[in-house]
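# Overview (structure and organization)
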Amino acid sequence: MTVWQIVRDTAMNPDSFAIHCGNFLDEFYRANVEQRWRMVEQEPDVRPDLPEYMAPFLAAMVHKLCNDYEVECPAWVHRPNYVLNAPHFWLNAKGNLRLVLLMESPIEFKIRNLFVTANTLSRA
């Protein structure tokens, strides 16, 4: 599975985004460095029919995984079109939960205006 395939498969059912990301993460964690590079190298198609946060989330996910697993980070993740204009809080967080997400979010997500839990890429 590749990041490009996540977008392709999610386009058929936007509610399946988390499932496809989870499947990708499962494969990524089992892969070797070369396989991991092949999984992230191709830039996903930006699709206007999908929620605005999805493409930046994928860029942040790839950026974080590459940093954590010493995989060369593909240049596409640094493009400005992967930064949201307004903050997006995971789980539609409100109140104190927003404060937690502001503090916990990995930097790779924060720089894209995405605020998630610290373990958002965990599969435990």
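Up top is the structure.
Notes on the structure in this doc start here. (Residues numbered from 1 in each chain as written. Predicted model: local features only at pLDDT ≥ 70, side-chain atom pairs only at ≥ 80, totals over all residues. Heavy atoms only, no water.)

## Some words on the nonpolar core
Counting residues in hydrophobic clusters, the biggest one holds 37 residues, and the most contacted among them are Phe17, Phe24, Val40, Phe57, Leu58, Met61 and Phe109. Only helix 1 (3-12), helix 2 (17-30), helix 3 (33-40), helix 4 (54-69) and strand 2 (114-115) provide two or more residues apiece to this core. Looking at which element gives the most residues to this core, the answer is helix 4, with 10 residues. (Core = buried A, V, L, I, M, F, W, Y, C linked by side-chain atoms within 4.5 Å. Buried < 20%, exposed > 50% of the residue type's maximum accessible area, 1.4 Å probe, protein only. Helix = DSSP H or I, 4+ residues; strand = E, 2+ residues; numbered from the N terminus.)

## Things to note about the packing of helix 1 against helix 4
Interaxial distance between helix 1 and helix 4 falls to 11 Å at its minimum, and their mutual angle equals 155°. Looking at the two axes, helix 1 sits roughly antiparallel to helix 4. When the axes of helix 1 and helix 4 are compared, the crossing they make is right-handed. Here helix 1 contributes Val3, Ile6, Val7 and Thr10 to the contact with helix 4, which in turn contributes Met54, Leu58, Met61 and Val62. Broken down by class, the residue content of the contact of helix 1 with helix 4 amounts to seven nonpolar, one polar and no charged. (Axes fitted to C-alpha atoms, helices over the stretch in contact; angles between N-to-C directions. Parallel < 35°, antiparallel > 145°, perpendicular 65-115°, else oblique. Left-handed = near helix turned anticlockwise from the far one by under 90°. Contact = heavy atoms within 4.5 Å. Nonpolar A, V, L, I, M, F, W, Y, C, P; charged D, E, K, R; others polar.)

## Remarks on helix 3
Of all the positions in helix 3, only Arg36, Met39 and Val40 are classed as buried. An end-on view of helix 3 places all buried positions within 85° of arc, on one side of the element. Next to the buried residues of helix 3 lie helix 1, helix 2 and helix 4. Among the residues of helix 3, the N-terminal cap falls to Asn32, whose side-chain oxygen and the backbone nitrogen of Glu34 are separated by 3.1 Å. (Arc of directions from axis to C-beta. Polar contact = N/O pair within 3.5 Å; in protein donor to acceptor, adjacent residues only side chain to side chain.)

## What about a nonpolar patch on the surface?
Among the surface-exposed residues, Leu91, Leu97 and Val100 lie close enough to one another that they form a single nonpolar patch of about 270 Å² accessible area. Among the structural elements, Leu91 can be located in the loop between strand 1 (88-89) and helix 5 (95-104). (Patch = residues over 30% accessible without salt bridge, like charges linked within 9 Å, V, L, I, M, F, W, Y side chains within 5 Å. Areas by Shrake-Rupley, 256 points an atom, 1.4 Å probe, with all protein chains shown as cover. Salt bridge = Lys/Arg side-chain N within 4 Å of Asp/Glu carboxyl O.)

That is the geometry; function is a separate question.
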